[in-house]
Amino acid sequence: MIVAFILFIIIGIVGCGPWRQHNSIPYVTGPLQTVVTPLEEGLSWVADRISAVKRIIDISLKNRVEWEKLENDNADLRKKTVDYDELAAENERLRRLLDFRAAHKELQLVAAAVISRDYGTWTNTMVIGAGSNQGIKENMAVITPDGVVGFISDAFSDSARVQLMTDPRTSVGAVVQRPESRVASVVRGNGNMPLEPQFVNVAKEADILEGDTLITSGFGSIYPKGLYIGKIVSIHMDDSDFVKYAVIEPGVDFSKLEEVFVITGTSSSNSYDKPDVAPKLVPQTQRDKVEGVKGAAAL
């Protein structure tokens with residue numbers, strides 16, 4: 001009996017269509033119709049669900065592919081944007097270097113990239129990608145269009161170490177550019193505040209003011225006269241109460257150095273000023289020669 005029932009179901013499922021057309025044997029098609037119809041509806045519902053799930057999976061896979069493509073496109077666009085911004089920044093820096101070189105033909109300059117930095121409490125140095133093979137020697141001045149950076153302390157074949165102006169071991173002969181002052185002394189790095197070098201050993205009554213511009217005095221053999229150093233931001237009495245010192249804001253932002261110039265020689269005695277910052281130098285006066293005694297030991 002069970003076998004016969006299953007047989008009827010199979011026949012109904014497989015061939016219910018043709019059986020429905022056999023009206024001549026209603027005693028067969030009628031019961032089959034009654035039994036098979038719910039099964040057909042169930043199978044149809046299942047088939048619809050399977051088809052719907054398949055469509056959802058297809059759509060999901062397609063969306064996933066499109067989403068991954070969009071992510072890749074966005075990553076490419078971000079990379080291109082970063083590359084463009086970096087290229088624009090590099091072009092701007094190089095343009096300033098080229099403009100500076102063109103404006104100061106009296107200086108023989110070798111451009112070099114900064115390749116490493118060593119900023120500590122008692123040492124402030126960096127390494128540049130040019131050395132003796134490019135004409136670099138020890139004790140050559142290093143500058144940017146913004147002012148004094150430091151000097152070459154060690155020269156290698158294709159690299160060199162620069163001792164920065166902010167290094168406590170560095171001394172730079174400096175003079176106040178203001179014609180009414182022309183006070184000369186030494187700028188030294190401050191180990192306690194590496195970003196705040198000081199204009200030291202200034203006479204107690206010397207004429208220096210906040211906002212005064214400092215340039216290299218030219219005393220010594222490293223820095224030509226007239227290189228921009230920075231400006232005075234505050235003035236303080238020394239502990240001895242016999243002299244005073246001034247805190248300097250350097251013209252160079254040492255945290256952002258990427259390219260520098262090394263002065264390998266000069267073709268004249270002319271000096272330069274930082275563009276749009278300091279006024280033109282006036283001829284050296286007799287007072288310069290007197291005040292210069294204070295900075296005679298400076299480099």
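Here the structure is a predicted model, which is why all the values come from computation and not from measurement. (Residues numbered from 1 in each chain as written. Predicted model: local features only at pLDDT ≥ 70, side-chain atom pairs only at ≥ 80, totals over all residues. Heavy atoms only, no water.)

1. Here we look at the environment of Thr266
Relative to the elements of secondary structure, Thr266 occurs in strand β12 (residues 259-266). Using a relative accessible area of 39% as the deciding quantity, one classes Thr266 as partly exposed. With 160 residues separating them in the primary sequence, Thr266 and Glu106 have C-alpha atoms 5.6 Å apart. (Helix = DSSP H or I, 4+ residues; strand = E, 2+ residues; numbered from the N terminus. Buried < 20%, exposed > 50% of the residue type's maximum accessible area, 1.4 Å probe, protein only.)

2. Things to note about the pattern of salt bridges
Under the defined criterion, the tally for this structure stands at six salt bridges. Residue Asp99 pairs with Arg95 through a salt bridge whose shortest N-O separation is 2.8 Å. Taken as a pair, Asp99 and Arg95 lie in helix α2 (residues 26-103) at a separation of four residues, close to a single helical turn. The partly exposed category is assigned to Arg95, whose relative accessible area is 41%. One salt-bridge network, in which partners are shared between bridges, spans Arg178, Asp207 and Asp212. (Salt bridge = Lys/Arg side-chain N within 4 Å of Asp/Glu carboxyl O.)

3. Description of the packing of aromatic side chains
This structure, assessed with the given rule, holds one aromatic pair. Consider the rings of Phe100 and Phe261, whose centres lie 6.0 Å apart with planes at 25°: the pair is stacked. Here Phe100 is found in helix α2, whereas its partner Phe261 is found in strand β12, with 161 residues between them in sequence. A residue is classified by how much of its surface remains accessible, and Phe261, at 1% relative accessible area, is buried. (Phe/Tyr/Trp six-rings, centres within 6.5 Å; stacked < 30°, edge-to-face > 60°.)

4. Things to note about the sheet that holds strand β8 (residues 198-203)
Taken together, six strands build a closed barrel; the order of strands is β6-β7-β8-β11-β10-β9 and the barrel is antiparallel. Adjacent strand axes in the sheet meet at a mean angle of 40° when their direction is disregarded. Pairing analysis gives three bridges linking strand β7 (residues 184-188) to β8, with the strands arranged antiparallel. The partner of Val187 across the bridge, within β8, is Phe199. (Pairing = 2+ DSSP bridges. Axes fitted to C-alpha atoms, helices over the stretch in contact; angles between N-to-C directions.)

5. Here's the deal with the confidence of the model for the protein chain
Interpretation of this model should avoid reading the predicted coordinates in detail wherever pLDDT is low. Per-residue pLDDT for the protein chain has a mean of 78; in total, 71% of the residues score no lower than 70. Taken as a whole, residues 273-299 scores under 50 in pLDDT and shows 55 contacts with residues more than four places along the chain or in a different chain. (pLDDT = per-residue confidence, 0-100. Contact = heavy atoms within 4.5 Å.)

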